[in-house]
Amino acid sequence: MEKNVEQTSRTLLSLTPSEVAALKEGMNFLKNKMDGKNYILYKDKDTLRACKNLCKHQGGLFIKDIEDLTQKCVRCTKHNWKLDVSTMKYVNPPDSFCQDELVVETGPDNGLVLVELNPPNPWDTEPREGEDLAFGEVQVTYVTHACMDLKLGDRRMIFDPWLVGPAFARGWWLLHEPPGDWLERLCRADLIYISHMHSDHLSYPTLKKLAERRPDVPIYVGKTERPVFWYLKQSGVKLTNINIVPFGVWQQVDRNLRFMILMDGVHPEMDTCIIVEYKGHKILNTVDCTRPNGGKLPEKVDLMMSDFAGGASGFPMVYSRGNFTEEKKAQFIKIERKKLLNYKAQLVTDLKPKIYCPFAGYFVEAHPSDSYIKETNLKNDPEELNRLIKKKSEEVSTWTPKPGAILDLARMLRDPTDSLGIVDPPEGTKILKDSWDFKPYLHTLGAAVDDDIFLYPSWVKEYYLWAGFKGYNLVIRVIETDDDFSPLPGGYNYLVDFLDLSFPTEIPNRDCPFEEIKARVSVMRHTVKHGLLWDDLYIGFQIRLQRDPDIYHHQFWNHFQIKLPLTPPDWKSFLAQCKQNLN
């Protein structure tokens, strides 16, 4: 029977009349002394606007931006995101996000209250009480990185299989050695969930091997703005049973098993997370979501798993000069990793799962040409995160997984100290990879270098016209390089002015932001030829950047990382026209 789920409201902060009288014009930083939560209230005469003092990106705390002469902006202490609290719009990144506002109401005796309106939680529809589980009925096996194999009664469900080859062109390689039977595990799955289109979750080399054996395996993805499988036809992988499901709706697998896919609050156009429920027992997998479901998640689930490592971004590793000295980058990474640990630990503390597992961070920059990244892009230690969680919440059991390790949910719920609750792989099992088959994947990337497309300099104009990004005040210079990021003799070196989508020979004589992008020629040309997203370049550490001023251009990067056309440039027609022009 469906539960009557309604919108609720919650008073977060109450101000007495004297506290209201003490409010100053402009920004006011407020704190609830009962729970320690922070808020910002902006006063402009009789107009009041309020929000949580919580950055939309990764939950950082805002402070006054002393560089802002308007006295309307606050700055996040995590990544320097800036919010104009008079409009509740972010100004860094420019033209990006809006802050969720609180309702400001008149309280008793002319005081004020800050109220949060909460829509109904979709997972509360048709609630189910947890039934007793038999030992062995629900088992979770860690495979590698973000891949889990779930036994749920007589059903098998797989998360995010990346089991062979690299991710992000050639930038990421698996840290852990998958169990030897990984392909058999995929082939016997009743359903596979793929959270998003990043190649450490949607691995075409892995799915190619699966499709050769079982092309009709049911695969489920969320209904994101950019389809998760947008590249399927071009990839040549023959999968025939891909199911796109709406967000926030239970998908019934059988009488005991259902799942619900939720969107990310920061990147709803591509990122998702999932709740799996078996006989009333919930497993929450937030994957890579920055703010899963906008920060509203079920509490006290039986098992929660999330990313933990950090280092999964080009920032600041691919940047140089200006503020990006090696010393400052090392300091940033050290501070950022600590902040991420604290953020994840607090999230687990707030949600109070019975068991927590850090995963989706077991990758390494293994190729020798990326040794600089490997040595400097330090990751968080999952054991350190689990110790921090235990310090904050002793009642939460934690699991640092090894490939092939099995968690028996019934045993862990019955007695977390049961020696059979988590069974590690047999002694002598290889855990860490010590070799990678680079050659075939680098050969595929390198095949684009000598493509006929690049015999004609007009490819530059053809490509950026196809990309369709313009009307934005930014100039970039792209320089093709070798693997060491030295300019390639005979390689392309060109400017693009996105204000009018022109291709000048010199930087325009106007006030315009500028970025220089040095790109490894094989990856850049592969990306251009196939119409791929620039995540392979940026997250894969295949470029080096300089920017002036030091501002993240959200619209530009968001377009080239997420919003490029779904079909590649028509290079066949381009080449035919070029050859005709020569004749």
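Residues numbered from 1 in each chain as written. Predicted model: local features only at pLDDT ≥ 70, side-chain atom pairs only at ≥ 80, totals over all residues. Heavy atoms only, no water.

- Going by an unreviewed UniProt entry, the protein chain carries the name Cytidine monophosphate-N-acetylneuraminic acid hydroxylase and comes from Podarcis lilfordi.
- Per UniProt, the protein chain carries the Subcellular location (unreviewed entry) text "Cytoplasm". (UniProt positions renumbered as here; feature names shortened; annotations may be inferred.)

1. Considerations on the UniProt feature "domain: Rieske" (unreviewed entry) in the protein chain
Reasoning step 1: On the UniProt side, "domain: Rieske" (unreviewed entry) is annotated at positions that read residues 15-113 here.
Reasoning step 2: With 5% helix and 42% strand, residues 15-113 has end C-alpha atoms that lie 6 Å from one another. (Helix = DSSP H or I, 4+ residues; strand = E, 2+ residues; numbered from the N terminus.)

2. Some details on the state of the cysteines
Reasoning step 1: Within the structure shown, the criterion is met by zero disulfides.
Reasoning step 2: Left unpaired, cysteine 76 is separated from the closest cysteine sulfur, that of cysteine 55, by 3.9 Å. (Disulfide = S-S within 2.5 Å.)

3. Here we look at the environment of tyrosine 492
Reasoning step 1: On the secondary structure map, tyrosine 492 appears in the loop between strand S28 (475-481) and strand S29 (493-497).
Reasoning step 2: Spatially, the C-alpha atoms of tyrosine 492 and isoleucine 479 are 6.1 Å apart, while their sequence positions differ by 13 residues.
Reasoning step 3: Here tyrosine 492 is in contact with Phe454, Leu455, Tyr456, Pro457, Trp459, Val478, Ile479, Glu480 and Arg525, once residues within four sequence places are set aside.
Reasoning step 4: From its side chain, tyrosine 492 meets the backbone oxygen of phenylalanine 454 in a polar contact 2.8 Å long. (Contact = heavy atoms within 4.5 Å. Polar contact = N/O pair within 3.5 Å; in protein donor to acceptor, adjacent residues only side chain to side chain.)

4. Concerning the side chain of serine 522
Reasoning step 1: Mapped onto the elements of the fold, serine 522 is located in helix H11 (residues 521-530).
Reasoning step 2: Each residue touching serine 522, except ones within four places of it in the same chain, is listed here: Arg170, Leu445, Gly446 and Val449.

5. Considerations on the sheet that holds strand S21 (residues 281-285)
Reasoning step 1: Spatially, S18-S19-S20-S21-S22-S23-S25 is the arrangement adopted by the seven strands of the open sheet, whose pairing is mixed. At either end of the open sheet lies a strand with only one pairing partner, and these are strand S18 (251-252) and strand S25 (397-398).
Reasoning step 2: Packed on one face of the sheet, helix H5 (residues 326-351) meets S21, strand S22 (303-306) and strand S23 (355-358) and runs near 160° to S22.
Reasoning step 3: Sitting on the sheet, helix H7 (residues 382-392) touches S23 and S25, and the angle it makes with S23 is about 155°. (Pairing = 2+ DSSP bridges. Axes fitted to C-alpha atoms, helices over the stretch in contact; angles between N-to-C directions.)

6. Describing the packing of aromatic side chains
Reasoning step 1: Counted according to the given criterion, the structure contains 43 aromatic pairs.
Reasoning step 2: Here the aromatic rings of tryptophan 459 and tyrosine 492 are separated by 5.4 Å at their centres, their planes lie at 90°, and the arrangement is edge-to-face. Of this pair, tryptophan 459 sits in helix H10 (residues 459-467) while tyrosine 492 is found in the loop between S28 and S29, placing the two residues 33 residues apart along the sequence. With respect to class, tryptophan 459 is no different from tyrosine 492; both count as buried.
Reasoning step 3: Directly above the ring of tryptophan 230 sits arginine 226, whose terminal nitrogen or CZ lies 4.2 Å from the centroid.
Reasoning step 4: For arginine 411, the ring lying beneath its charged end belongs to phenylalanine 135, and the centroid distance is 4.1 Å. (Phe/Tyr/Trp six-rings, centres within 6.5 Å; stacked < 30°, edge-to-face > 60°. Buried < 20%, exposed > 50% of the residue type's maximum accessible area, 1.4 Å probe, protein only. Lys NZ or Arg CZ within 6 Å of the ring centre and 35° of its normal.)

7. As for the pairing of S23
Reasoning step 1: Residues Ile355 and Cys357 of S23 are buried on one face, and the alternating residues Tyr356 and Pro358, pointing to the opposite face, are buried as well.
Reasoning step 2: Two strands pair when backbone bridges link them, and S22 and S23 are joined in this way by four bridges, in the parallel orientation. Paired with leucine 303 across the bridge in S23 is isoleucine 355.
Reasoning step 3: In this fold, S22 hands off to H5, which returns the chain to S23; that crossover is right-handed.
Reasoning step 4: Here S23 pairs with S25 via two bridges, running parallel. Bridge pairing links tyrosine 356 to threonine 398 in S25. (Right-handed = clockwise from strand over helix to strand, strands pointing away.)

8. Details of helix H14 (residues 571-582)
Reasoning step 1: Given a rise of 1.5 Å per residue, 12 residues ought to cover 16 Å, and the 16 Å separating the end C-alpha atoms of H14 matches this to within 8%.
Reasoning step 2: Taken as a whole, H14 has its buried residues at Trp571, Phe574, Leu575 and Cys578. Burial along H14 is one-sided: seen end-on, the buried residues are contained in an arc of 95°. Facing away from the buried surface of H14 by more than 90 degrees, the exposed residues are Lys572 and Gln580.
Reasoning step 3: For H14, the elements touching its buried residues are H10 and H11. (Expected span 1.5 Å × (residues − 1). Arc of directions from axis to C-beta.)

9. Let's talk about the side chain of aspartate 68
Reasoning step 1: The residue aspartate 68 is located in the loop between strand S5 (62-64) and strand S6 (73-76) in this model.
Reasoning step 2: Look at aspartate 68: it is buried, it has no salt bridge, and the nearest opposite charge is lysine 82 at 7.6 Å.
Reasoning step 3: Separated by 2.9 Å, the side chain of aspartate 68 and the backbone nitrogen of cysteine 73 make a polar contact. (Lys, Arg positive; Asp, Glu negative; His and termini not counted. Salt bridge = Lys/Arg side-chain N within 4 Å of Asp/Glu carboxyl O.)

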